[in-house]
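# An overview of the molecular structure
Next come the chains, spelled out residue by residue.
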Amino acid sequence: VSSPDKKSNPEKVMNEWVNMKLAQDRGLDVFQPLGFMLDSQNSRCYMVTLRSDGVEAMDNSNWRHILSYPERHEGQLADLKKIGPTLAGVHDRGCYHGDPQMKNHVITQSGSVHLIDWEAANFSYTGLQRFLDSATEAQLRADAVRDLKVIFGSLARPVDGYGVGLLAGRTPQAQFSYFKELVLDPYTKRRLTLGEQQDGTDDE
């Protein structure tokens, strides 16, 4: 299955293909990249991946009113709480997505959440980076914060502003409170758990 790159830029298609391979090599569940094609006559670029049925982009759901009626949307809220742990696992493997908007999260029929569109990703060492120099550690922290800010923006912007509208119209304090509960706290908990597992492995 192939899909045209909207920017029709061969370098962007090649870059995303390489990044997907890197993510796959680190054990992340991505659409399996098979290659890319270039139609030089029509200046069209194509990413080719193995067909994957039963996945849906998370921005396809209506998120705008679920916080007002949480009892009616327990399933959606449960799905939303999977984003933080998913991103924590990505970061723990030294991968920083660069553009983890809701449109770049997909959910499978089994309920697992994964990231797509790896064009803007960058990669470093895995784990908690305890032995890196301070400059490198600061950069990795900045990359992690950037990913979290992108998710926040995607949730906070209205639909006509290329967001999903979950937090739109609420005060900044309320926006952060919901974001902390639904994304940031699950992210932090998962990162700490992964760090503890790594420490246990190191001690053996």
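Data block above holds the structure.
Below, the structure is looked at part by part. (Residues numbered from 1 in each chain as written. Predicted model: local features only at pLDDT ≥ 70, side-chain atom pairs only at ≥ 80, totals over all residues. Heavy atoms only, no water.)

### Structural notes on helix 1 (residues 10-25)
How we decide: Each helix is a run of H or I in the DSSP string that is no shorter than four residues. Each strand is a run of E no shorter than two, and both are numbered from the N terminus. Each residue after the first adds 1.5 Å to the expected span of a helix. We call two residues in contact whenever any of their non-hydrogen atoms come within 4.5 Å of each other.
Between its first and last C-alpha atoms helix 1 spans 23 Å; for 16 residues at 1.5 Å apiece the expected length is 22 Å, and the two agree. The secondary structure elements touched by the buried residues of helix 1 are strand 2 (33-39), strand 3 (44-49) and strand 8 (122-123). Once helix 1 finishes, Gly 27 follows within two positions and takes phi at roughly 90 degrees, a positive value.

### What to know about the side chain of Asn 19
Stated precisely, the cut-off is as follows: A 1.4 Å probe rolled over the protein chains alone gives each residue an accessible area, and that area as a share of the maximum for its type sets the label: buried under 20%, exposed over 50%, partly exposed in between.
Within the secondary structure layout, Asn 19 lies in helix 1. Accessibility expressed as a relative area gives 5% for Asn 19, which makes it buried. Ignoring sequence-local partners within four residues, the contact set of Asn 19 consists of Trp 118, Glu 119, Ala 121 and Phe 123.

### Some thoughts on the environment of Lys 103
Along the chain, Lys 103 falls in the loop between strand 5 (95-96) and strand 6 (105-108). Taking the relative accessible area as the measure of exposure, Lys 103 reaches 42% and is therefore partly exposed. Those residues within four positions of Lys 103 in sequence are excluded, and the remaining contacts are Ala 57, Asp 59 and Ile 116.

### Description of the environment of Arg 170
Along the chain, the position of Arg 170 falls in the loop between helix 4 (134-156) and helix 5 (172-203). Linking Arg 170 and Ala 156, residues 14 residues apart in sequence, is a C-alpha distance of 8.6 Å.

### Examining the sheet that holds strand 7 (residues 113-115)
How we decide: The criterion for strand pairing is that DSSP finds at least two bridges linking the strands in question. A fitted line through C-alpha atoms represents every axis, and for helices the fit uses only the stretch in contact; the resulting angles, taken between N-to-C directions, go from 0 to 180 degrees.
Taken together, three strands build an open sheet; the order of strands is 4-6-7 and the sheet is antiparallel. With one partner strand each, in any of the chains shown, strand 4 (55-57) and strand 7 form the two edges of the open sheet. Between one strand and the next, the sheet's axes are offset by a mean angle of 35 degrees, whatever the strand orientation. Sheet topology places strand 6 next to strand 7; three bridges connect them, and they run antiparallel. Within strand 7, the position partnered with Ile 107 by the bridge is Val 113. Of the strands in this sheet, strand 6 and strand 7 touch helix 3 (residues 83-92), which is tilted by about 50 degrees from strand 7.

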